[in-house]
Amino acid sequence: MLRPFPPSWYHIAAEPVPERPRLEGEEKADVCVVGGGFAGLSAALHLAEAGASVALLEAGRLGHGASGRNGGQIHSGQRRDVLWLEAHYGFERAKALWDVAENAKTLVRQLAARFACPVADGLIETFHRTSDAHENERFVEALTSRYGYDQVTALNGAQVAEAVGSTAYVGGLRDAGGGHLDPYRFTLGLAAAAEGAGARLYETSAALSFERNGGFRVATEAGHVIAERLILATNGRSGRLENITRRRTLGIHSFMLATEPLGELAETVLPGNECASDSYFVICYWRKTPDGRLLFGGGESNAGAVPADIGAFVRPHLLRVYPQLRNVAIAHGWGGVISVTPERLPFIRSLGDGISAAAGFSGQGVALAPYIGKLLAEEALGRAPEELKLYADLKISRVPDSTFLRRALVRLALLRGKLADRM
């Protein structure tokens, strides 16, 4: 049996949240939403605010999946950058997808303001190979000249060292339009707002199966929901409920630590209170908390395994970036699952007959998932948003159904990535 993930630092630092009810018996709704993360809760909120009746089913506790465990970073664009998208889909599609992501960042900031969830501005992306410098310049030039985005600036080695407080990188860029927040606090805000608008949220109520009966009958262990439409927002982690999104996503374990407060050393780390990430295949990402801790994610993500001491597992990667923190104690370590697609683009589809699905945000979900949830809500209300259609024919390859083969693919990808990082 796999070792479970510990609670995240966000869970530990937050006030206890009362459990929401388990679904028992029959509930009726216009829309049943399966999944209580960013996308599902946003869909429930926007549906309820539009006057629809909503029942949301979450297999565990709200915010205890990826939405309450991640790095809290708000990135611009899609997971694939505009140069990659232009090469595969042309400028017009790349620009339209960029605009969706800009709208997504705006929505996150608007919602965060409603929920009294502070957003800190600024994101530094770093690279560790000098060969990346030319590509970085092309990327920044494309954003500023063709995409009308003036929030991004290329950084040389000295500038990136000043920005992050580390000499581990040879260059990077500053995205003043990016930022970071407490993702668990944001999730709880979404949940409270959805309930305030009339949505019914059920915890420990895994959706086990569904059948069409004119509408849908979605069964849990102790009850069922009768609904006209169904939104699957499980990020590909639907268990036995459905296999469509699972066959487009792979789960990669990612690990984080929280240090004790840095004290005077805090001024040597991210002095502008921006967040940061790097260019390694197994990415490192980090940000400071209001009380002066460093939250740092990194290490070899490993499908199917959770280290006994996650803090010790991540610590060498922290010290590679910040050797000055060698005497700072680790307060807590935790992990979670990132759902990625082979193309690192989200799998967002109308599955026909009143079912919509979203999965595989590939590490870009803090910005994108709430907005995609809003678009799925609009689709369920019969509005068919044009922005949602941009994702409908993106090529997302299938992956094996076998757990053994899926884990083997992840291990192979990690090995290839580690080799590439050394070149």
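Residues numbered from 1 in each chain as written. Predicted model: local features only at pLDDT ≥ 70, side-chain atom pairs only at ≥ 80, totals over all residues. Heavy atoms only, no water.

J.: I'd like to hear about the overall build of the protein, residue by residue, with values.
T.: The helix and strand tally for the protein stands at eleven helices and 17 strands. Compactness check: the protein gives a C-alpha radius of gyration of 21 Å against a globular reference of 22 Å for 423 residues, within 12% of the reference. Overall, the C-alpha framework of the protein stretches about 65 × 45 × 45 Å when taken along its three principal axes. Taking all 423 residues of the protein together, 55% fall into the buried category. (Helix = DSSP H or I, 4+ residues; strand = E, 2+ residues; numbered from the N terminus. Rg over C-alpha atoms; globule rule 2.2 N^0.38 Å. Buried < 20%, exposed > 50% of the residue type's maximum accessible area, 1.4 Å probe, protein only.)

J.: Account for the side chain of K288, with residues named and values stated.
T.: Turning to its location among the elements, K288 is positioned in strand β13 (residues 285-288). Of note is the side chain of K288, whose polar atom sits 2.9 Å from the backbone oxygen of A266. Within polar-contact distance, the side chain of K288 engages the backbone oxygen of V269 at 2.8 Å. In this structure K288 touches H180, A266, V269, L270, N273, R293 and L294, once residues within four positions along its chain are discounted. (Polar contact = N/O pair within 3.5 Å; in protein donor to acceptor, adjacent residues only side chain to side chain. Contact = heavy atoms within 4.5 Å.)

J.: Requested: an account of the side chain of N136, with residues and values cited.
T.: Tracing the backbone shows N136 in helix α5 (residues 132-145). Judged by relative accessible area, N136 falls into the buried class, the value being 9%. Those residues in contact with N136 that sit more than four places away from it in its chain are F127, A154, G172 and L173.

J.: With reference to specific residues and values, describe helix α8 (residues 310-321).
T.: The terminal C-alpha atoms of α8, which comprises twelve residues, lie 18 Å apart, in line with the 16 Å expected from a rise of 1.5 Å per residue. Those residues of α8 lying buried are I310, G311, V314, L318 and V321. Buried residues of α8 fall within an arc of 80 degrees about the axis and therefore sit on the same side. Elements in contact with the buried residues of α8: β11 (250-259), β13, β14 (294-297) and β15 (330-340). (Expected span 1.5 Å × (residues − 1). Arc of directions from axis to C-beta.)

J.: Got a sec to walk through the packing of aromatic side chains? Specific residues and values, please.
T.: Counting across every chain of the model gives twelve aromatic pairs. Taken together, the aromatic side chains of F91, W98, Y147 and Y149 make up a single cluster linked through ring pairs. (Phe/Tyr/Trp six-rings, centres within 6.5 Å; stacked < 30°, edge-to-face > 60°.)

J.: Please give an account of the packing of helix α2 (residues 38-49) against helix α9 (residues 365-380) that cites residues and values.
T.: Their axes nearest at 7 Å, the elements α2 and α9 cross at an angle of 40 degrees. As summarised for this structure, α2 and α9 are arranged oblique, according to the angle between their axes. For the element pair α2 and α9, the recorded crossing hand is right-handed. Between α2 and α9, the residues in contact are F38, A39, S42, A43, H46 and L47 and G365, V366, A369, P370, G373, K374, A377 and A380, respectively. Partitioned by chemical class, the residues of the contact of α2 with α9 number nine nonpolar, four polar and one charged. (Axes fitted to C-alpha atoms, helices over the stretch in contact; angles between N-to-C directions. Parallel < 35°, antiparallel > 145°, perpendicular 65-115°, else oblique. Left-handed = near helix turned anticlockwise from the far one by under 90°. Nonpolar A, V, L, I, M, F, W, Y, C, P; charged D, E, K, R; others polar.)

J.: Please provide a residue-by-residue account of unusual backbone geometry, values included.
T.: Of note in the backbone geometry, N235 takes a positive phi value of approximately 60 degrees without being a glycine. Here S362, not a glycine, exhibits a phi torsion of approximately 60 degrees, which is positive.

J.: An account of the nonpolar core is needed here, citing residue identities and associated values.
T.: Judged by nonpolar contacts, the single largest core of 69 residues is most densely connected at L47, F186 and I231. If we ignore the near neighbours within four places in the chain, the residues touching F186 are F38, V108, L111, A112, F115, C117, L181 and P370. Counting 25 residues, the second-largest nonpolar core is a separate cluster that includes L262, V269, C284 and W286. (Core = buried A, V, L, I, M, F, W, Y, C linked by side-chain atoms within 4.5 Å.)

J.: I'd like to hear about helix α4 (residues 91-114), residue by residue, with values.
T.: Compared with an ideal rise of 1.5 Å per residue, which puts 24 residues at 34 Å, α4 spans 35 Å between its outermost C-alpha atoms and is within 8% of the ideal. Among the residues of α4, R93, A94, L97, W98, V100, A101, A104, K105, L107, V108, L111 and A112 are the ones counted as buried. Downstream of α4 by a residue or two, A116 has a phi angle that is positive, lying close to 55 degrees.

J.: Talk me through the pattern of salt bridges; I want residue IDs and the actual numbers.
T.: On inspection of all chains with the given rule, the structure shows 21 salt bridges. Notably, a salt bridge pairs R138 with E135, separated by 3.1 Å at the nearest N-O pair. One end of the pair, R138, and the other, E135, are both in helix α5, three residues apart, so they sit about a helical turn from each other. Look at R138 and you get partly exposed, because its relative accessible area is 39%. In this structure E135 comes out as partly exposed when scored by relative accessible area, which is 36%. Between E141 and R146 there is a salt bridge; the shortest N-O distance is 4.0 Å. Judged by relative accessible area, R146 falls into the partly exposed class, the value being 35%. (Salt bridge = Lys/Arg side-chain N within 4 Å of Asp/Glu carboxyl O.)

J.: Could you give me a rundown of the environment of W98, with the residues and numbers involved?
T.: As for its position among the elements, W98 is in helix α4. Residue W98 is classed as buried on the basis of its relative accessible area of 4%. Taking the C-alpha atoms as reference points, W98 and S76, separated by 22 residues in sequence, lie 7.9 Å from one another.

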